[in-house]
Amino acid sequence: MALDRIDIAILDALQQDGRISNSALAEKVGLSQSACSRRLDNLEKSGVVKGYHARLSNAALGHGVTVIVHISLSGQFERTLSEFEAAVQRCPNVVSCHLMAGEYDYILRVAARDLQDYERVHKEWLTGMPHVIKINSAFALREVVDRTALGLKPEMS
């Protein structure tokens, strides 16, 4: 979907405040409420806007340990990948999972209460996932950047 400067302005405003009212959004981007609503509808239907959610603090909810986990599988056949992906989606402590090119097949970000909780996740979830042959865990000392907003610029034509 080609985005114009108004679409970009709408997306920028939503990244700053996903709860902004349609009337405030319309005023901010210089559109009528109905035109703004139509544009937002189009952005949602095209998949540019995937959804709206509250950003929660893992630490405030008692999950103060972030673990970056590198996973190697026994192969990269479609069945192997899909079976692993189905299993990893069931683990509630995995907050993100990425299929990678390079040394490891997947990189996971896992939230845990403490080291003992991560040990539980490791034993009960990660080691039992299908086709896993190697797990490498690294513990984050502190978060430096956790960005959800993209820097958007209109394309020059």
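Residues numbered from 1 in each chain as written. Predicted model: local features only at pLDDT ≥ 70, side-chain atom pairs only at ≥ 80, totals over all residues. Heavy atoms only, no water.

As annotated in an unreviewed UniProt entry, the chain is Lrp/AsnC family transcriptional regulator from Nitratireductor aquimarinus.

1. Some points on the overall build of the chain
Each helix and strand in the chain was counted, giving 5 helices and 4 strands. From first element to last, N terminus to C terminus, the chain shows the α and β order α-α-α-β-α-β-β-α-β. Whereas a compact globule of 157 residues would reach a radius of gyration of roughly 15 Å, the chain reaches 20 Å, over 25% beyond that. The C-alpha extent of the chain, read off along each of the three principal axes, is 55 × 40 × 25 Å. Burial analysis of the chain (157 residues in total) assigns 29% to the buried set. Here the contacts in the chain between residues at least 6 apart in sequence split such that 63% fall between residues at least 24 apart. Put simply, the chain shows about 10700 Å² of open surface, and 51% of that area lies on carbon and sulfur atoms. The average position of the 18 basic charges and that of the 19 acidic charges among the side chains of the chain differ by 3 Å. (Helix = DSSP H or I, 4+ residues; strand = E, 2+ residues; numbered from the N terminus. Rg over C-alpha atoms; globule rule 2.2 N^0.38 Å. Buried < 20%, exposed > 50% of the residue type's maximum accessible area, 1.4 Å probe, protein only. Contact = heavy atoms within 4.5 Å. Areas by Shrake-Rupley, 256 points an atom, 1.4 Å probe, with all protein chains shown as cover. Lys, Arg positive; Asp, Glu negative; His and termini not counted. Charge placed at Lys NZ, Arg CZ, Asp CG, Glu CD.)

2. Concerning the sheet that holds strand S2 (residues 94-99)
A sheet is described by the order of its strands in space; here 4 strands give the open sequence S2-S3-S1-S4, paired in antiparallel fashion. Looking at which strands have only one partner, the edges of the open sheet turn out to be S2 and strand S4 (132-139). Put simply, the sheet's adjacent strands are angled 20° from each other on average, direction ignored. Two elements, S2 and strand S3 (residues 106-112), share 5 bridges in a ladder whose sense is antiparallel. Within S3, the residue paired with Val-94 across the bridge is Val-110. Each of strand S1 (65-73), S3 and S4 is contacted by helix H5 (residues 115-124), which is oriented at about 165° to S4, the strand it contacts most. (Pairing = 2+ DSSP bridges. Axes fitted to C-alpha atoms, helices over the stretch in contact; angles between N-to-C directions.)

3. Some remarks on the environment of Ala-86
As for its placement among the helices and strands, Ala-86 is situated in helix H4 (residues 78-90). When the C-alpha positions of Ala-86 and Asp-17 are compared, they lie 33 Å apart, and in sequence the two are 69 residues distant.

4. Re the layout of surface pockets
Roughly 730 Å³ of volume is contained in the largest pocket. Taken together, the residues of the lining of the largest pocket break down into 10 nonpolar, 6 polar and 4 charged. By volume, the second largest pocket is sized at about 570 Å³. Around the second largest pocket, the lining is made up of 20 residues, and of these Leu-56, Asn-58, Arg-109, Glu-143 and Asp-146 lie nearest the centre. Here the element with the most residues in the lining of the second largest pocket is S1; it accounts for 3 residues. Looking at the lining of the second largest pocket residue by residue, the class counts come to 7 nonpolar, 7 polar and 6 charged. (1 Å grid on protein atoms, 1.4 Å probe; cavity = no way out; pocket = protein on both sides within 12 Å on 5 of 7 lines; lining within 4 Å. Points joined across faces, edges and corners; volume = space filled by probe spheres on them. Nonpolar A, V, L, I, M, F, W, Y, C, P; charged D, E, K, R; others polar.)

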